[in-house]
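Residues per chain, in single letters:
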Amino acid sequence: MRIKEISLATADLGKVEAFYSEVLQLPLVHREPGRLSFAVGYSVIHFTNEKAPAGIYHFAFLIPPQLLEPSYQWIKSRIPVLPFSEQSDIADFTNWNARAFYFHDEEQNILEFIAHYDMEQGSESAFEPHNIIGVGEIGIGVEDVTLACNKLHTIYNIPYYHKGPFLPSFAVMGEEEGLLIISAIGRGWLPTGQLAANSSVHIILDMHGELINIDC
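The rules behind each value
Residues numbered from 1 in each chain as written. Predicted model: local features only at pLDDT ≥ 70, side-chain atom pairs only at ≥ 80, totals over all residues. Heavy atoms only, no water. Core = buried A, V, L, I, M, F, W, Y, C linked by side-chain atoms within 4.5 Å. Buried < 20%, exposed > 50% of the residue type's maximum accessible area, 1.4 Å probe, protein only. Contact = heavy atoms within 4.5 Å. Helix = DSSP H or I, 4+ residues; strand = E, 2+ residues; numbered from the N terminus. Pairing = 2+ DSSP bridges. Phe/Tyr/Trp six-rings, centres within 6.5 Å; stacked < 30°, edge-to-face > 60°.

*Asks:* Please explain the nonpolar core as it appears in this structure.
*Replies:* Generally speaking, soluble globular proteins have nonpolar side chains that are buried together. Core analysis: the biggest nonpolar cluster contains 55 residues, and Y20, F59, F61, L180 and I203 have the highest contact counts within it. With sequence-adjacent residues up to four places away left out, F59 is seen in contact with I6, L8, Y20, I45, I110, L111, E112, E137 and I138.

Structure (C-alpha cells):
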C-alpha cells in the first residue's frame, strides 16, 4: 500500500511554498489559486488555502535505510531537528526495525524522515531530495480509534500493520510503504507532545493498483 496523495489545509500558502520549495527543495508540480502541489517520490502533497486547521498535521517521508544519517545531516544544516530524547535526535523503533527523526515546518506541523530497515536498500551514499521514496505515513486524529480502524479495514480492506501497535488510543494500519497512523484526539504526537486533532485531510491510497479515496 502506498500513499499516493494527501491534501492538507493551510492558512498561509506563502509559508508553505517557501518551506517546501526552498528548504526541502521539493518540486512544485501544480499551482492554482488557493492551492499548491509538491511531488515527493511516488506521492504528491497538496496544500489548500483554507481557514486554519483544527490542529497540526503529522506526516512522514520514507527514506532509504542507508540514507537516514545523510538525510539527518542534510536537514540539520537547514533547520532545527527536534530532539527525540535527552540522548539523541534520532528515534530507534526496534519493534519496527526502523529509525526516524523529526522537524517542524513553518506552520508547526510535525514532519518526519523514517527508514525501515526491512525494506530493500539502494546504493546511494549521499542524500538529495529526489532520494525520498514517498510519503510513508499520515497521522489521522479520530474520536474512536477502534471504530475508525474497523471501518478502514471493513470498507477499504486496509490491513492492520503487522508490527502493530493496535491500542485503544493509538493504532497503525497499512504496510511499510504507506502507513495510516490513527490517534485518539488529544493524544500527543511524538516527539513534542503536540495534541492530535481532527484536522481535515484527504488521502488517496494505491492498494496494489486500486486507488482508494478517503476523507478524514
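Now that the structure is up, let's keep going.
*Asks:* Please explain the pairing of strand β9 (residues 134-142) as it appears in this structure.
*Replies:* Where burial is concerned, most of β9 is hidden: nine out of the nine residues are buried. Of the pairings in the sheet, the one linking strand β5 (residues 58-62) to β9 comprises four bridges and is antiparallel in character. For A60, the partnering residue across the bridge sits in β9 and is E137. Summarising the sheet, β9 and strand β11 (residues 178-184) pair through six bridges and their orientation is parallel. Bridging from a neighbouring strand, V142 pairs with A184 of β11.

*Asks:* What's the story with the packing of aromatic side chains in this structure? I'm lost.
*Replies:* Tallying each qualifying case throughout the model produces 17 aromatic pairs. A ring pair is formed by W74 and F127, whose centres lie 5.2 Å apart and whose planes are at 70 degrees; its orientation type is edge-to-face. Taken together, the positions of W74 in helix α2 (residues 68-76) and F127 in the loop between β8 (110-116) and β9 put the pair 53 residues apart, joining distant regions of the chain. F127 carries the same exposure label as W74, and that label is buried. Taken together, a centroid distance of 6.3 Å and an interplanar angle of 50 degrees make the contact between F93 and W96 tilted. No difference in accessibility class separates F93 from W96, as the two residues are buried. Cluster of aromatic residues (ring-pair linked, three or more members): F59, F61, Y72, W74, F101, F103, F113 and F127.

Just distances and angles here, no functional claims.
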